[in-house]
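# Structure at a glance
Now for the letters of each chain:
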Amino acid sequence: MTDFLQLTAAGLSQGSVYALLAVGLIATYTVRHVVNIAQGDYATLAGLGSISLVSAGLPLPVAILIALVTVTLASVIIERLVISRVKNLTTLVSIILTLGVSTLLQAIMLLTWGAEARRLPAFPGSDLNLGGVSIRSQELWMLGALVVVGGGVLLFYEKTRWGKALRASAEQPVAARIVGISPAAASIIAFAIAGFVGAAAGVVSSPIYLSIWSGGLLLGLKGFVAAVLGGLYSFRAAIVGALLLGVLESYVAGYVASGWKDAVAFFILIIVLIIRPAGLVLRPNAVRV
Amino acid sequence: MHRAHRRLLIPAAVAASIALAFTGCTASNFGGDNGGGGDATEEGPIKIGAVLDITGVGANLGVPEQNTLNMLAEQLNEEGGINGREVELIIEDNQSTEDGAARATTQLIENDEVDLIIGASRTGPSLAMRPLVEAAQVPTISVAANAAIVDGSEWVFKTAQNDVVVIERILDHAEEQGYTKVALARDATGFGEGIAELITELGAERGITLTATEAFEPSATDFTAQMTNLRAADADFVIIWGITPSAGLAQAAYVQIGVGKPVYQSHGVANDAFFEAAGDAAEGVIAPMGRLLVADQLGDDDPQKEVIDRFIADYTEAYDTPPSSFAGHAYDAWKIGVAAIEEAGTDPEALRDAIEATSDFVGISGVFTMTPENHSGLTADALIMAIAEGGRWNLLEE
Amino acid sequence: MTLLDTTEGAIRSKTGFWPNNRATIIGVAVLIVIILIVPFTASSSMMNIAVFSMIFALPAIGLSLLMGLAGQVSLGQAAFFAIGAYTHAILLQKFEMPGVVAAIGGGVAAMLAALLVGLPMLRPRGHYLALATLGLGFIVMIAVREWEFTGRTTGIYGFGRPEVFGIPIDNNGLFFWFVAPFVIIGLVLALNLTRSRAGRALSAVNDSELAAESVGVNTYSLRVKVFTLSAGFAGLGGVFYAYQVQIVSPQVAEFHVSVELLLMVVIGGLGSVWGAIAGAFIVELLSEGLRDLIPAIIPGATGEVQLIGYGIVLILVILLLPGGLVQVVRTVWAAIRGRAGRRADAAAARAAAAADATGDVPTRAFGGLRARAGDADADADADAVIEADAATNAARTADLDDVALPTVSTPVPVGEPILEVRGLTKRYGGVVAVDDVTFTVPAGRIMGLIGPNGAGKTTCFNMITGAISPTSGTVSFLGEEIQGRKPHVGAVRGLTRTFQNLQVFSSTDVEGNVYMGRYRKGRAGILRGMLGLQGREQYAHERVAHDILAAMRLGDVASLPAGDLPFGRQRMMEVCRALALEPALLLLDEPMAGLSGHEREMLAALLRRLRDAGLTIVLVEHDVAQVMALADTVAVLDEGVLIAHGDPESVRNDPAVIVAYLGTDAEEAKAELEELEEHA
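Cut-offs applied
- Residues numbered from 1 in each chain as written.
- Chains lettered and ligands numbered in written order.
- Predicted model: local features only at pLDDT ≥ 70, side-chain atom pairs only at ≥ 80, totals over all residues.
- Helix = DSSP H or I, 4+ residues; strand = E, 2+ residues; numbered from the N terminus.
- Buried ≥ 20, exposed ≤ 12 C-beta atoms within 10 Å, placed from the backbone.
- Contact = placed C-beta atoms within 7 Å.
- Pairing = 2+ DSSP bridges.
- Axes fitted to C-alpha atoms, helices over the stretch in contact; angles between N-to-C directions.
- Nonpolar A, V, L, I, M, F, W, Y, C, P; charged D, E, K, R; others polar.
- Expected span 1.5 Å × (residues − 1).
- Left-handed = near helix turned anticlockwise from the far one by under 90°.
- Right-handed = clockwise from strand over helix to strand, strands pointing away.
- pLDDT = per-residue confidence, 0-100.

### Details of the overall build of chain B
Tallying secondary structure elements over chain B gives twelve helices and 14 strands in all. Per-residue burial for chain B yields a buried fraction of 61% across its 398 residues. Summarising the internal contacts of chain B: among those between residues at least 6 apart in sequence, 67% fall at separations of at least 24.

Written as C-alpha cells, this is what we have:
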C-alpha cells in the first residue's frame, strides 16, 4: 500500500508537468489549430537556462524569473518569425513546421549546454514522510505550479472576456475581433501563454527529472496526449488526463517494467484516436456546417 | 515535345547533384585484396582503429578513452613507432549505439583496413562488433566489462575487469558483513544483462539470495519507480549496477526515496562523474574497481604503482584532469596491442596469437595473463574495494 | 508515340512497366550510369554516404507517395523501417531462412503493421494518421528494446551480409550495386503509380474529395492501400539497412530517423518521387557534412550536431521553398524558357504537368504550400487561355444538336422507378432542414427540384448523392439503399452529379477531369498501376474522354488546366465528366447558373437528347422557367417540406407553390409568376 501511494504521488507530480504542457498546447491549438511539437522544448530551454543563471551566481528565484520571461519571449518570437509566416497553415503543415522548430531548439541547446543532463538546485522546503510515503518538497512545488499557473490560465480563459474570445477564435475569428483582439494579437497571446506554461513546467521539474537537450520532445508529446484526451479544447479535461497519465505511467514503471513507461502515453493516444477521435470530452457547439 | 524537355529537369538535377558530390575521388570501394580483412603487408603505417562511445550515454567512458589513445599514439610515434613503422590511429564515434558501432567497425575493416581494433566502450556496442570482427578476422580488444564479449571468442579480447570478478568481490564483502539478501537495480543495456543470473549463481555459494531486480535505461533521469520497488524489497543490501551518469542519478534517487540500505555499485562508476551525478548521495557507497583512482593510497610495494603513477602524470599533463578507470582500460588495450604487434607484426593470426600469449603484463587495471581460452586475463586481484567519501574514491580499509 | 499520334494528336498515354516517355527514360538512364560509375570514383566516405542514401531512398519514396498521393504524413516511417529490418534479421538469424524469404518477410511485416494502423486511422481526414504513426514509432522502439525476442537494447546481430550468385556482398561498392536495382525498380513502380488510374484518382481526391467520390473513387480504400504500400517501401529499406549494418538495434526505430525521412521528402518536393531520391542524398550529405563542420566552428560540440541543419533546413524549406527542390528546378527551367519567349507553349507544358513524368502530385492537404508554389505561373497561363478562347470562338458557338451522344446506361425500362426517396429527413440541432420528403423518380425522365432559397434543395440533393447522411429516411437507387453511404457507393452503380459550386480537379487538365469520369468503368488497381499493366484500359478511357470533349465542343481546350477555363466551359466540363461515367442517373445542381443564354439553350437541348436516349436526370434549379420548360415532373420544396410534385402544368397552378414563392419575397415571386405565365 505504501508503494502504491508512493507511486501515485510520483505519478501525480510527473503528471503535473504534462498538464502544464497540455495547457500550452491547447492554448495554441484553439487559436491557430497549430499542434506545437516544440512545446516540450520550452520546458527544457527554461530548465537549462535557469541552471546556467544559478551557476552564474544569481539567486534561484531571480534565475527562474528570467528564464520564464525569456522563454515566453522566445515562444512569441517563434510565432512571429516562423508560424505566422505560413498562410493557410493546416494542422498537418504546422506539425511539420514545429517539428523543424523543435529540432532547431534541441540543436541549439545541445551546442550551448552540451549533451549531459543537468539539475537545477531544489526549491526551498524539506521532504515529508507520510506513513512511509516519502514526498519530496519539489514534488509539492510541481503540483503547486500546476495549481497556480494552470489555474491562472484556466481563470483567464473561462472568466475574462479576452480569454473567452480567444478560446473561440480558431472557429470564430469574429469573436476575438469584437473584444478588440486582432487574429495576429490572438496568436501572439496564445504563444506567450504556451511559452510561459512550458517554461514553468521546465523549471519546477528540473530539480527532480533533470534537464537535457533532447528531453523536450517526449515531454511535449506526452503533454499532447493529455491535450488529446481533452479533445484539444478542454483545459480541465486535459489537466485531469495529464494527471491520470502520470499516475498510470508510474504504475506501469513500478508494477510492470520501467522500460515500458514511455509507451503508455502512445498506447493511450492510439486507443483514443481509434475510439473517440474528437477526444473524451464533447465540445460545446461542435456542429460543423 | 517541349514537355519532354521539361521532364528531363528533375532527373537531370538529381544526376547533377550526385555527380557533384562524387568528383575527384579515386579510392577503391571494392574492399581489400584479401577479402576485406586486415592488411597483412609489412609496409606503410600500421593502422589501429578504435570504436568508442564518445558521444551519447557512454560519453563519460568514451571521452577519456579517446584522450588516452590519442596521447599514447602520439608518444609512440615520437618514439619512432613500432619497429620503425608509423602508427596511424583512426578513432570512430559510435554515438553509444549498437548500430553506430557496427557501422564504424565495417568502415574500419572495409575502407581503412585496420590491423587492430580497440573498442567499444560499453558491452552492447562491443557485442555488436563481435560478429563483424570475427568474420573479418581482425584482432579486437574491447574496453568494456561484460564477460559475454569474449566468451568463446577467437578474435576478441578485453581489458576491463570481468563482471564476474566484480560481483565476486561485492558478494564476498557483503558476506563478511553478514548480509543474506540482496536487491538489484541494473543497467538495462548489455552491461547489465546477465548480472541478475550471475548474482543468483555466485550468491548461492555465499548464502546470499537475490530478492528483487529492477532495470533502468542509461539515458534515464527518473528512477522513482525502481527505487520504490527496491525500498519494498526484502533485502539487507542493494547493488546498483550501471555506468555514470545514470548510476549516479539512480544513487541520488535512492537516497531521496529513502531506501536506507547499504549500497554497492560496480566498477562502472569508477570516475569523478559519479560524484557530479550523485552529489551528497554518493557518500558511503562501496564499489570494487581498479587501483587507478586510489593510486595515492597504494603501498609502495604494489606492483602496479609505478605504471599507474606514470600514467596519471602523463594524462594529467596532457589534459589537465586526472584519468578515470576507463582511461586505464584504453591504456591497457593499447599497450597490449602494441606489444603484440611489435612481436608478431600485422599478420592477423600471428597478432592474435601474440595477444593470447600476453603474460604478466602490468597494466592500469591489473596484471594481465591471457591464454587462447582466457581472453580477459584479469583475476579478482585486479580489484580493490573503494568507498565514496568526501567527493572521491578512497581505499576501503578491510 | 506514333501509335497514339492520331489526327487529334492530343491523347497521351503513359503506360507499360518501363517508362515510355523520353524524359523518364533519360532520367532513369542517367541514374543508372551514375550508379555504375560512382563506386569507381567516390572516396570511401562518399561511398558510405552513397550506400546509406540508396537505402534511405526507399522509405523516402514510400513517404513521398503517402504525402503526395494520399495527402497524409507519417511521422513514424522509421517504425516500418525498423519492423522490416527486425523481421529480416530475425528470420535470418533465428530461423535461418534464405535471404530472399527473409527480405520478403520484412516488407510484408511492415505492410501488415501499416494495415493495422491505417484501417482505423485513415477513416477520419486530417492529422490523425500523423499522430497515430508518431505514437507507433515510439511504441515500436520501446517494444523492440524491452522484448527478449528482439534482443533488447543490443538487438539482433551476427547474420552477416548477403551473397548473390556466390559472390559475397562484403564491401560498399558491391553493396551499392546490390541496392541500386531495387531503388530503380521502386522508382519506376512509384512513377507508374502516380500516372495510373489509382494515382490519378488520388490526386483528384486531393483536389476535391467530394467530386472524386462522386465519380466512384473509394477514397478511404485507396488511402489505406497507399499507406500500406508506403510502409512496404520502408520495410524494404529496413531489410537493406540490416544487411548493410549487420545489426538491428532499437536505434533504427528512433524518432530522429522518421524526422530524417520526412526531411528528405520535404527537401525533394512534396510528393515528388524523383525529389525523394534527391532528398535522400542531400540529407545524408548534409548530415555527414555538418558532423564535420559544426565541431570545427563550435569547439567542443559533440553528439547529434547535424540536427541544427535539419531544423533550419526544414523550417526554411517550408517557409521559403514549399515546393522543395522540384520547385527550384521548375522555376529555373521556366526562367530559361521564358527567355526563349514562348509563353503559350509554357502554358501548354504546364497543362501537361498533370501526373507527368516527374510523378509530381500537388496536394491539397498541404494547401497553403502548394498554392503559393503555383501562383507564379498562373498569370501567364490565364493569358494563354484567353488567346486560346479567341481562336476557337467559332467552335464554341456551334450547336450540339448534331453531335454523337455519349453512351448512357439504362438499367431499368423507361417509366419504371430508378430512384426512390422515402421519409428523408435532416436535422441540424433543432433546425429541420429537410422534413420527411418522399418521392420517386421514373427512369428516362427529367425531374426538376425547385423551391425558394433555403428550402432544402441542396441538402436533399446531398443526401441522395451521399455527401451528407440523413437523420432518417431511405434513398433507394436501383432497388438498393444507399443513404448514409459515401458518394462512391452510388457512383459505381451509375449515380453521379455535378456541383453548384464547381468542383474541378485543378491539378490536371480538362481531359484529365473527364478521364476521371471514366473511373467507375476501370478495373486496374494499385498493383496493376505500378506494374504498368493497364495500358490498354487507360488508353481506351482516355480515348472516350477525348471523344466526349470533342463532341461537346471542348476538344480545343482539352489540354489546358481545368481551373483556367471560363466559368461556363468549366460547367460544361463537369457535365462531360459526369457523362463519362455512362451514368444511369445524373443529378445536376443548378446547372444553368452562371451560363450565358446561348449556353443555357445548348445545355437544355443536350439534356433533352440525353433523356430521349434513356438517361434519367434530376436537376435542382433556381431558374424556375428553365425547369418548367425542361422537366417531365417537378417537385417543389419549401422550408424542407415537399409541397408539390407532379407535371409542370399542375405544379405551376398549385396554390401552395404560388404561396411559397409569394411568401418569401413578394416582388420576386410576382416576377417569377409572370415569367411562368409568359412561358406558358
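### Observations regarding the overall build of chain A
Of the regular secondary structure elements, chain A holds eleven helices and two strands. Overall size of chain A, expressed as C-alpha extent along the three principal axes, is 55 × 45 × 35 Å. When the 289 residues of chain A are sorted by exposure, 60% land in the buried category. The long-range fraction of contacts in chain A, counting pairs at least 24 apart against all pairs at least 6 apart in sequence, stands at 76%.

### Quick word on the sheet that holds strand β2 (residues 87-93) of chain B
Hydrogen bonds between backbone groups are what pair the strands of a sheet, and the pairing can be parallel or antiparallel. All names here are of chain B. The strand order β2-β1-β3-β4-β5 describes an open sheet built from five strands, whose pairing is parallel. Where the open sheet ends on each side, the last strands, each with one partner, are β2 and β5 (156-158). Averaged over all pairs of adjacent strands, the angle between strand axes in this sheet comes to 20 degrees, irrespective of strand direction. Here strand β1 (residues 46-52) runs beside strand β3 (residues 116-119); their pairing, made up of four bridges, is parallel. Opposite Gly 49, over in β3, you have Ile 117 as the bridge partner. Its contacts with the sheet put helix α2 (residues 59-78) on β1, β2 and β3, and the angle it makes with β2 is roughly 170 degrees.

### Concerning the interface of chain A and chain C
In this complex, chain A contributes 39 residues to the contact, which on the side of chain C involves 42 residues. Here the residues of the side of chain A that touches chain C sort into 29 nonpolar, seven polar and three charged.

### Some remarks on helix α10 (residues 255-268) of chain C
One turn of the α-helix equals 3.6 residues, which is why residues spaced by three or four share an orientation. All names here are of chain C. Along its 14 residues, α10 runs 20 Å from first to last C-alpha, staying within 8% of the 20 Å computed at 1.5 Å per residue. Of all 14 residues that make up α10, 13 are buried, and the element is covered over most of its length. The first or second residue beyond α10 is Gly 269, which carries a positive phi of 120 degrees.

### Some words on the packing of helix α7 (residues 197-207) of chain C against helix α9 (residues 219-245) of chain C
Residue and element names in this part refer to chain C. The N-to-C vectors of α7 and α9 enclose an angle of 115 degrees; their axes lie 11 Å apart at closest approach. At the point where α7 passes α9, the crossing takes the left-handed sense. Taken together, the residues of α9 that come into contact with α7 (itself represented by Ala 198, Ala 201, Leu 202 and Val 205) are Thr 219, Leu 222 and Val 226. Taken together, the residues of the contact of α7 with α9 break down into six nonpolar, one polar and no charged.

### As for the pairing of β1(B)
Residues and elements named next belong to chain B. Counting buried residues in β1 gives seven out of seven residues, a clear majority hidden from the surface. Of the two faces of β1, both are covered, the one formed by Ile 46, Ile 48, Ala 50 and Leu 52 as well as the one formed by Lys 47, Gly 49 and Val 51. Each parallel crossover has a hand, and for β1 linked through α2 to β2 it is right-handed.

### Examining the confidence of the model for chain B
Should pLDDT be low for a region, the predicted coordinates there are not to be read in detail. In this model, chain B carries an average pLDDT of 88, and 90% of its residues clear a pLDDT of 70 or more. Confidence, expressed as mean pLDDT per element, reaches its minimum in chain B at helix α1 (residues 2-21) of chain B with 57 and its maximum at strand β4 (residues 140-142) of chain B with 97.

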